[in-house]
Amino acid sequence: MTHKPILTGLGLKSSGIAGFVLSVVFGAIFAMVVTPKGFIAGTSSYWHTQVEDIAQYLSGYLAFMRAPWSLPLLSIPSLNWPAGTVVTFVDAIPAFSLALKLLSPVVALPANPFGIWVLLCFALQGAAAWFAASQLRDNDWWVLGLTVFLCVLMPSLTARMGHLSLQAHFILLFALGLYIRTQRQQKSSAGAWTLLLVLAFYINFYLTAMAIAILAACQIDLYRKTANRRDLAVIAVPLAAIAVSVPLMLGTAFGKAVPDTGFGYYSMNLLAPVAQGSLISMPFFVDATGGQYEGYNYLGLGLIALVALTFTRLARPGADWQRPGRFLVVVLAACAVYALSNEIYLGPVHLLHWRAPEFLMPLFEAFRSSGRFFWVVSYAIVLYVVVRFTNLGVVARAGLAAAVLLVQAVDLQPTFAAVKQALKREASEPADIAQWNAALAGVKTIHAFPKFKCNGALIREILPLQMVAARGGYNLTTGFISRYGADCDAIAPEIAASDPDSSAYVFTRAQFSDEQIASYVPAGTQCRQLDIWIVCRKGQP
């Protein structure tokens, strides 16, 4: 006797609007539960900092919103002045910031919109999980519910709360959903891939790289079925669209990028997917490099148990189940290997070193935080494991789902509680904006020394000045900017070329003596100390 799920019997399809709405709402509710009061509104103490990465995003966003429209569209001329920078290199989520700037003439925007961005990411995580689950099974509330729950509660998603652009894991789920749809329909989706990848490119490069890998696997696996070369050509369509957009959006910003090191340091530990639970833990597990927090990829005990059950007779997928294609498996395996990097650790034990090919080092430097590349593997595990149990009876499926959800929730509850507590950190704003605005009255440009990455300049010394500049509308000759390079020895030439009447010269107290400062600043300049900085300007006490 065939059974009909209750919701299906009511005419509500999991792959229809009801499933979509419930998935989005679940994601949004989870975001509100896992964050403290005022976080989503952008008003909690977490956002009131000048010495954390959040200050880079917010100051970059504020400077971008103040900037007049110009080409490239994402330019921020006031930071790293006069060369300027772009929204991409201050991690202010280019697509989101651009959308808000377009809306600003007609919509009243919050002073800090990034809490809304977090809410949007979790809602879209639910939407993307719905999309992927709907491609797996056209109308199966069991598959949808379990998939959405496991994807929204994926620990690596919540762990990225402090790095806002990396919250967009929904990109990976949409990419996997497109892969599944393409294989089932045996039809390319060039438009959908182009929309997804162009959007991803202007959110985060890491997520874009993973999505491009899924696109390549998608079209190669499709070509193996159709032998139609046009299916392979689809790979080039979104890449061409991205390339065409770069001059308009970014200009020549990439020509000025400076690579960073860290490949092999920001890696994933072999034990990371299974070692950091609360119900069952491995006390000997450690961050072997000091940077393996970037490879935090714990799956949760409920999901781990479900994976283990796929090796039993309980895993009996339906006749319509499709295995992941060969090239998708290759891509996922490659992502897992890259996540481990060339320095492979099992807990504290250094198991293996392999020499990275020299010609690949620029790529490895660009994607130095390799531990992140396991994220796409995590979501593929969810999708291809959940669907393995669709042939079980109603009672068995209900019992299995209840057990998995309960174990997953209980195991991860301390993790989510710790995240919520961390988001309650106290405010830290060493630069008093009102005091600085008074000291800088009439100033257009802040010439700050040392510049970022020069003489050990610290985030504590640079970021508050960047926030002062962004909030006050001043130009700043440095900035906490990704892949940034500066001429560290050009202090005297820069000051000599400046306009003393509209400039302020700011030196970090710890880096410069009074004698050094006096040797640099123009005649007639008066200096005063503000916190850890010495501020000098013409004719001001």
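Since the structure is predicted, the reported quantities are computational estimates derived from the model, not experimental observations. Each chain has its residues counted from 1, following the order in which its sequence is written. In keeping with the predicted nature of the model, local features appear solely for residues at pLDDT of at least 70, side-chain atom pairs appear and are counted solely at 80 or more, and the whole-chain, interface and lining totals rest on all residues. The side-chain quantities take in all heavy atoms of the structure and omit both hydrogens and water.

A. Structural view of the state of the cysteines. Put simply, a disulfide is two cysteine sulfurs that come within 2.5 Å. Inspection of the entire model under this criterion finds two disulfides. Between the sulfur atoms of Cys527 and its disulfide mate Cys536 the distance is 2.0 Å. One disulfide, between Cys527 and Cys536, carries an S-S torsion of 110° and so falls in the right-handed class. Buried residues are those whose accessible area, probed at 1.4 Å on protein chains only, stays under 20% of the maximum for their type, while exposed residues exceed 50% and partly exposed ones sit between those limits. Cys527 sits in the partly exposed class, given a relative accessible area of 38%. Sequence-ordered numbering of the disulfide-bonded cysteines in the chain gives the connectivity 1-2, 3-4. The thiol of Cys121 is not disulfide-bonded; the next cysteine sulfur, from Cys151, is found 15 Å away. Its relative accessible area of 1% is what places Cys121 among the buried residues. Just so you know, Cys218 is unpaired, no disulfide at all, and the nearest cysteine sulfur is the one on Cys335, 15 Å from it. Judged by relative accessible area, which is 0%, Cys218 ranks as buried.

B. Quick look at the nonpolar core. Judged by nonpolar contacts, the single largest core of 158 residues is most densely connected at Phe114, Ile214 and Trp436. Secondary structure elements follow DSSP: runs of H or I no shorter than four residues count as helices, runs of E no shorter than two count as strands, and numbering proceeds from the N terminus. It is helix H5 (residues 114-136) that contributes the most residues to this core, twelve residues altogether. Contact between two residues is taken to exist if any of their heavy atoms lie within 4.5 Å; hydrogens are not considered. When sequence neighbours within four positions are dropped, the list of residues in contact with Phe114 reads Trp47, Tyr57, Leu58, Tyr61, Ala92, Ile93, Phe96 and Leu164. Nonpolar cores are built from buried Ala, Val, Leu, Ile, Met, Phe, Trp, Tyr and Cys residues. Side-chain atoms within 4.5 Å join them into one set. Core analysis: the next-biggest nonpolar cluster, separate from the first, contains ten residues, Ile495, Tyr505, Phe507 and Cys536 among them.

C. Highlighting the pairing of strand S9 (residues 533-538). Most of S9 sits out of view: five of its six residues are buried. As paired elements, strand S8 (residues 525-530) and S9 share six bridges and run antiparallel to each other. Across the sheet, Thr525 pairs through a bridge with Lys538, a residue of S9. We call two strands paired when DSSP finds no fewer than two bridges between them. Hairpin connection of S8 to S9: two residues between the antiparallel strands, including Asp531 at a positive phi of 55°.

D. Structural view of the pairing of strand S4 (residues 349-353). With four bridges joining them, strand S3 (residues 343-346) and S4 adopt antiparallel strand pairing. Bridge assignment links Tyr345 to a residue of S4, and that residue is His350.

E. Region of the structure containing empty space enclosed by the protein. The way it works is a 1 Å grid over only the protein atoms, where trapped points that fit a 1.4 Å probe form a cavity and open points with protein on both sides within 12 Å along at least five of seven lines form a pocket, and then any residue with an atom within 4 Å of a point lines it. Grid points are joined across faces, edges and corners, and a volume is the space filled by probe spheres set on the points. For the structure shown, the criterion picks out one cavity of 30 Å³ or more. Taken as a whole, the largest cavity spans an internal volume of roughly 40 Å³. In this structure, the largest cavity is lined by Phe449, Pro450, Lys451, Cys454, Asn455, Asp487, Cys488 and Ile491. Counted by class, the lining of the largest cavity contains five nonpolar, one polar and two charged residues. Think of it as three bins: nonpolar holds Ala, Val, Leu, Ile, Met, Phe, Trp, Tyr, Cys and Pro, charged holds Asp, Glu, Lys and Arg, and polar takes everything else, Gly as well.

F. Examining unusual backbone geometry more closely. Here the residue pair Trp81 and Pro82 is connected by a cis peptide bond, since its omega of 5° sits within 30 degrees of zero. Inspection of the secondary structure puts Pro82 in the loop between strand S1 (75-76) and strand S2 (85-86). Each neighbour pair has its own omega, and for Phe449 with Pro450 the value is -5°, a cis peptide bond. Mapped onto the secondary structure, Pro450 falls in the loop between strand S5 (445-449) and helix H19 (459-472). Non-glycine residue Asp91 carries a positive phi angle of around 55°. Counting through the fold element by element, Asp91 comes out in the loop between S2 and helix H4 (94-103). Overall, the relative accessible area of 19% leaves Asp91 in the buried class. Unlike most non-glycine residues, Gln186 shows phi in positive territory, near 50°. Inspection of the secondary structure puts Gln186 in the loop between helix H8 (170-185) and helix H9 (190-201).

G. Fine view of the pattern of salt bridges. Only one rule defines a salt bridge in this text: a Lys or Arg side-chain nitrogen within 4 Å of an Asp or Glu carboxyl oxygen. Enumeration over the complete set of coordinates arrives at ten salt bridges. Residue Arg372 pairs with Glu294 through a salt bridge whose shortest N-O separation is 2.9 Å. Of the two residues, Arg372 sits in the loop between helix H15 (361-366) and helix H16 (375-386) while Glu294 sits in the loop between helix H12 (236-249) and helix H13 (301-309), which places them 78 residues apart along the sequence. Take Arg372 and Glu294: they sit in the same class, and that class is buried. The network of salt bridges with shared partners includes Arg137, Asp140 and Arg397.

H. Structural context of the layout of surface pockets. Estimated volume of the second largest pocket: approximately 410 Å³. Together, 16 residues line the second largest pocket, and Pro324, Leu332, Ala380, Ile381 and Tyr384 are the ones closest to its centre. For the lining of the second largest pocket, the secondary-structure elements that each account for two or more residues are helix H14 (326-340) and H16. No other element matches the five residues that H16 contributes to the lining of the second largest pocket. The class makeup of the residues in the lining of the second largest pocket is 13 nonpolar, one polar and two charged.

I. Examining the packing of helix H2 (residues 17-34) against helix H6 (residues 141-152) more closely. As a packed pair, H2 and H6 sit with axes 10 Å apart at the nearest point and diverge in direction by 25°. By the angle between their directions, the pair H2 and H6 is classed as roughly parallel. Between H2 and H6 lies a crossing of right-handed hand. Taking contact as the criterion, the partners of Ala18, Gly19, Leu22, Ser23, Phe26, Gly27 and Phe30 in H2 are, on H6, Trp141, Leu144, Val148, Phe149 and Val152. Helix axes are fitted only over the stretch in contact, all axes being lines through C-alpha atoms; the angle between N-to-C directions runs from 0 to 180 degrees. In these notes the angle categories are as follows: under 35 degrees is roughly parallel, over 145 is roughly antiparallel, 65 to 115 is roughly perpendicular, and the rest is oblique. In this scheme the crossing of two helices becomes right-handed for a clockwise turn of the near helix relative to the far one and left-handed for an anticlockwise turn of less than a right angle.

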